[in-house]
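# An overview of the molecular structure
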Amino acid sequence: MASRGSILITGGAGYIGSHCAKAVAEAGFVPVVYDNLSTGHRNFVQWGPLVIGDVADHDRITATVREHDALAVMHFAAFSAVGESVADPQKYYSNNVAGTLGLLRGMREAGCDRLVFSSTGAVYGNAGRDPIPESAAGPTVNPYGRSKFMIEQMLADYRAAYRFNSVCLRYFNACGADASGTIGELRDPETHLIPRALMALLGHVPDFAIFGEDYETPDGTAVRDYIHVDDLASAHIAALELLLKGDAGGVFNLGTGTGYSVREVLDAIRAETGEAVPCVVRERRAGDPPILVADPSKSESGLGFKASRSDLGHIIRSAWAWHQKAHPRRR
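First, a word on what this report is: a plain description of the structure on this page.

### Concerning the nonpolar core
In terms of nonpolar packing, the biggest core is built from 34 residues, with Ile 7, Ile 16, Met 74, Leu 169 and Leu 254 touching the most fellow members. Mapped by element, the contributors of at least two residues to this core are β1 (6-10), α1 (15-26), β4 (70-75), β6 (165-171), α7 (229-244) and β11 (249-254). Of the residues forming this core, the biggest block, 9 residues, is contributed by α7.

Quick look at the structure:
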């Protein structure tokens, strides 16, 4: 089958980017991964070429878009640890915001005007609503969320001034792994709940902790909306198709509309693995809101997307299979 064209994927050697690269290939496009490999993995690039570069390097972006005649860009390259962003905000604004400006400049110089942007539910801060609609964004409560919200506002300005069309996808908690077992979550250090808990079971995390048990939630622990990475990848294809049809784009939540507390997730892990995660309770982390649950109705109507693989049991089973392979048990 003839290729439908190339899609440039920044950060495509990372966790979500690599899953989306696979989905792009399955949709008939050539995924061209653009990554500096600072946190990504060369062996995660399996479905198209790899270009090593930084998004802030607009000259290299321009040359890459032109060389591959990219129809659109999917932008994943960003730092994403909430706690680190509070401790080192300069790192987040320099990489996430300034880096995106370099990307946008390079795209415009190369004549590419379609972008699917990896945003986040962190733009909602302490929204105080459950579920949260897109209109509830801001004020954010940590530099990571602020950096992503700034980029969303930049893209709105680019749309108005340059007819530069974009879709901003606000992920809630991405999790799970590809069914093939070839790609999954692989970070050092790992900060996300599900992979960190599974790594604790396998002996790779000696200090697994619940951060805060005094939130105003049913069991005192923070509540989040968990969406399988394969569902996220499907949503990116829907967003890409929307832009290729000439739509101006917009902002969409990617979640399920159902929240689970930290303790509920740990109970589900015990049910799936037969093992209890050893843990301690510590104080809340700075920048963590008590509840983040998506209202997914706009993505259902505007993108034609609805999560179908995000049952918590399925998420944990796929992640457990991946982590047993990636992190063999330490005796």
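### Some thoughts on the pairing of β4
Burial runs high along β4: 5 of the 6 residues are buried. In terms of strand pairing, β1 meets β4 through 5 bridges, oriented parallel. From the neighbouring strand, Ile 9 faces β4, where its bridge partner is Met 74. For β4 and strand β5 (residues 114-120), the ladder comprises 3 bridges, and the chain directions are parallel. When the bridges of β5 are listed, Val 73 appears paired with Leu 115.

### Regarding the sheet that holds strand β9 (residues 223-224)
Either a parallel or an antiparallel arrangement is found when strands of a sheet pair, and the pairing is made through backbone hydrogen bonds. Sheet architecture is open: 3 strands sit in the order β12-β9-β14, paired in mixed fashion. Strand pairing shows two members of the sheet lacking a second neighbour, β12 (260-261) and β14 (291-292), which therefore form its edges. Examined bridge by bridge, β9 and β14 share 2 bridges and lie parallel to one another. By the bridge assignment, Val 223 is partnered in β14 with Ile 291.

### Here we look at the sheet that holds β11
Spatially, β3-β2-β1-β4-β5-β6-β11 is the arrangement adopted by the 7 strands of the open sheet, whose pairing is parallel. Where the open sheet ends on each side, the last strands, each with one partner, are β3 (50-52) and β11. Across the sheet, the mean angle from the axis of one strand to that of its neighbour is 20°, orientation sign disregarded. As paired strands, β1 and strand β2 (residues 30-35) are joined by 5 bridges and run parallel to one another. Within β2, the residue paired with Ile 9 across the bridge is Val 33. Contacting β1, β4, β5, β6 and β11, α7 crosses the sheet at an angle of about 165° to β6.

### Some thoughts on helix α6 (residues 193-201)
With 9 of its 9 residues buried, α6 lies for the most part within the structure. Taken together, the buried positions of α6 are Leu 193, Ile 194, Pro 195, Arg 196, Ala 197, Leu 198, Met 199, Ala 200 and Leu 201. Here the buried face of α6 lies against β7 (173-175), β10 (226-228), α8 (262-273) and α10 (312-326). After α6 finishes, the residue Gly 203 shows a positive phi value of roughly 85°.

### Describing the packing of aromatic side chains
For the structure on display, the rule yields 6 aromatic pairs. Taking the centre distance of 6.5 Å and the plane angle of 80° together, the rings of Tyr 92 and Tyr 144 count as edge-to-face. Pair noted here: Tyr 92 is in helix α4 (residues 89-110) and Tyr 144 is in helix α5 (residues 143-162), with a separation of 52 residues, a long-range link. This pair shows no difference in class: Tyr 92 is buried, exactly as Tyr 144 is. Here Tyr 158 and Phe 164 contribute two aromatic rings whose centre-to-centre distance is 5.8 Å and whose plane-to-plane angle is 80°, an arrangement assigned as edge-to-face. The same class applies to Tyr 158 as to Phe 164, namely buried. An aromatic cluster of at least three residues, connected via ring pairs, comprises Phe 79, Tyr 92 and Tyr 144. The residue whose ring lies beneath Arg 284 is Tyr 215, and the NZ or CZ to ring-centre distance is 4.1 Å. The ring centre of Phe 252 lies 5.1 Å from the NZ or CZ of Lys 298, which sits over that ring.

Cut-offs and rules
Residues numbered from 1 in each chain as written. Predicted model: local features only at pLDDT ≥ 70, side-chain atom pairs only at ≥ 80, totals over all residues. Heavy atoms only, no water. Core = buried A, V, L, I, M, F, W, Y, C linked by side-chain atoms within 4.5 Å. Buried < 20%, exposed > 50% of the residue type's maximum accessible area, 1.4 Å probe, protein only. Helix = DSSP H or I, 4+ residues; strand = E, 2+ residues; numbered from the N terminus. Pairing = 2+ DSSP bridges. Axes fitted to C-alpha atoms, helices over the stretch in contact; angles between N-to-C directions. Contact = heavy atoms within 4.5 Å. Phe/Tyr/Trp six-rings, centres within 6.5 Å; stacked < 30°, edge-to-face > 60°. Lys NZ or Arg CZ within 6 Å of the ring centre and 35° of its normal.

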